[in-house]
Amino acid sequence: MKTFKFNNLVFQIFNEVYEPADDSLLLADYLKHEIRSKDIILDLGTGCGIQAITATTLKDDVRVIATDINPIAVKNAVKNAKLNNVNERIEFIHGDLFQPFLKKEYFNLIIFNPPYLPLPLPDQKKQDWISLAWAQGIGSDIIQRFLLESNSYLKENGRILLIISTLSNIDFKRWEGTYSFERLSERAFFFEKLILLKITKVR
């Protein structure tokens, strides 16, 4: 188990959970500009809980639901929420993207730091959780599925914060007419550029 610190928060990272890196911090750093009073927030792929926990520290009246396909990550995030004394303000759910929501929940803000490397999707039955945190599928399967489904879960004037990589090769043209995309921030590395997008519904 590793220990990770962000601002005044402390996170313990279980061995089978994605450790916060540059992508996580790019998103977490920006939340202070985006969280609004009374927001209902969905943190997809919560991992150790860094985004969900950070969000609760920015506004006292937000409601946060956090999900992850990795059941170990859900347990890890619950532990970190208790460690940072915000466990009563976040609901943690095990599930794949929007699958846990049998009845439509509508969110003001959806946060997603997805697997974005163009690698074949691992077999979920093998429970290779770290690979599942990295691999998006050859055709950007996870991100495309997210964009297909998320529109139904956004409130009017709702927004999405999404991390992508220049390695992701996402065809955004197919989403013209459904969403508008704004680049908020980016970080360049020798092999890729990480980009934080703000996505809103096209009226």
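Residues numbered from 1 in each chain as written. Predicted model: local features only at pLDDT ≥ 70, side-chain atom pairs only at ≥ 80, totals over all residues. Heavy atoms only, no water.

Looking at this structure, I do not really get the nonpolar core. What am I missing?
Across soluble globular proteins, nonpolar side chains show a tendency to be buried alongside one another. Counting 34 residues, the largest nonpolar core has Phe11, Ile41 and Ile90 as the members making the most contacts within it. For this core, the element with the highest residue contribution is helix 1 (residues 22–34), accounting for five residues. Residues in contact with Ile41, not counting those within four places in the same chain, are Ile35, Ala55, Val62, Arg63, Val64, Ile65, Phe107, Leu109 and Ile111. (Core = buried A, V, L, I, M, F, W, Y, C linked by side-chain atoms within 4.5 Å. Buried < 20%, exposed > 50% of the residue type's maximum accessible area, 1.4 Å probe, protein only. Helix = DSSP H or I, 4+ residues; strand = E, 2+ residues; numbered from the N terminus. Contact = heavy atoms within 4.5 Å.)

When you look at the environment of Asn85 in this model, what are you seeing that I'm missing?
Inspection of the secondary structure puts Asn85 in the loop between helix 3 (71–83) and strand 5 (90–94). The class of Asn85 is exposed, set by a relative accessible area of 67%. Asn85 sits 32 residues away from Ile53 along the chain, and the two C-alpha atoms are 9.3 Å apart.

I keep staring at the pairing of strand 8 (residues 179–188) and nothing clicks. Help me out?
Here is the key point about a regular strand: its side chains alternate between the two faces of the sheet. Pairing geometry for strand 8 and strand 9 (residues 193–201), over nine bridges, is antiparallel. Residue Arg183 lies in a different strand from strand 9, and its bridge partner there is Leu197. Hairpin remark: strand 8 followed by strand 9, antiparallel, with four residues in the connecting loop. (Pairing = 2+ DSSP bridges.)

Teacher, can you tell me more about the packing of aromatic side chains here?
If you walk through the whole model with that rule in mind, you get nine aromatic pairs. Between Phe4 and Phe11 the ring centres are 6.5 Å apart and the planes differ by 50 degrees, which places this aromatic pair in the tilted class. With respect to burial, Phe4 and Phe11 carry one shared label: buried. Seen in terms of ring centroids, Phe98 and Tyr153 are 4.4 Å apart; in terms of plane orientation they differ by 10 degrees. Their pairing is stacked. Placement of the pair is Phe98 in the loop between strand 5 and strand 6 (107–112) and Tyr153 in the loop between helix 5 (141–150) and strand 7 (154–165), with a sequence separation of 55 residues. One exposure class covers both Phe98 and Tyr153, and it is buried. Through a chain of ring-to-ring contacts, the aromatic side chains of Phe98, Phe101, Phe107, Phe112, Phe146 and Tyr153 assemble into a single cluster. (Phe/Tyr/Trp six-rings, centres within 6.5 Å; stacked < 30°, edge-to-face > 60°.)

Would you explain the pairing of strand 3 (residues 40–44) in this entry?
In terms of burial, strand 3 is largely enclosed, as five of its five residues are buried. Of the two faces of strand 3, the one carrying Ile40, Leu42 and Leu44 and the one carrying Ile41 and Asp43 are both buried. Two elements, strand 3 and strand 4 (residues 63–68), share five bridges in a ladder whose sense is parallel. Looking at the pairing, Ile40 lines up with Arg63 of strand 4. The parallel pair strand 3 and strand 4, bridged by helix 2 (residues 50–58), forms a crossover whose chirality is right-handed. In this structure, strand 3 lies alongside strand 6, joined through four bridges in parallel fashion. (Right-handed = clockwise from strand over helix to strand, strands pointing away.)

Help me understand the sheet that holds strand 5, please; the structure alone is not making it clear to me.
The strands making up a sheet associate through hydrogen bonds between their backbones, and the pairing can be parallel or antiparallel. Strands sit in the order 5-4-3-6-7-9-8 across an open sheet of seven strands; the sheet is mixed. Each end of this open sheet is capped by a strand with a single partner; those strands are strand 5 and strand 8. Shown here is a sheet whose adjacent strand axes are inclined to one another by a mean of 15 degrees, direction ignored. Note: strand 7 against strand 9, seven bridges, orientation antiparallel. Each residue of the ladder has a partner; that of Leu162, found in strand 9, is Leu197. With respect to the sheet, helix 2 is in contact with strand 3, strand 4, strand 5 and strand 6, its orientation differing from that of strand 4 by roughly 175 degrees. Sheet strands in contact with helix 3 are strand 4 and strand 5, and its direction is about 165 degrees off that of strand 5. (Axes fitted to C-alpha atoms, helices over the stretch in contact; angles between N-to-C directions.)

Any functional reading would require information that these geometric values do not contain.
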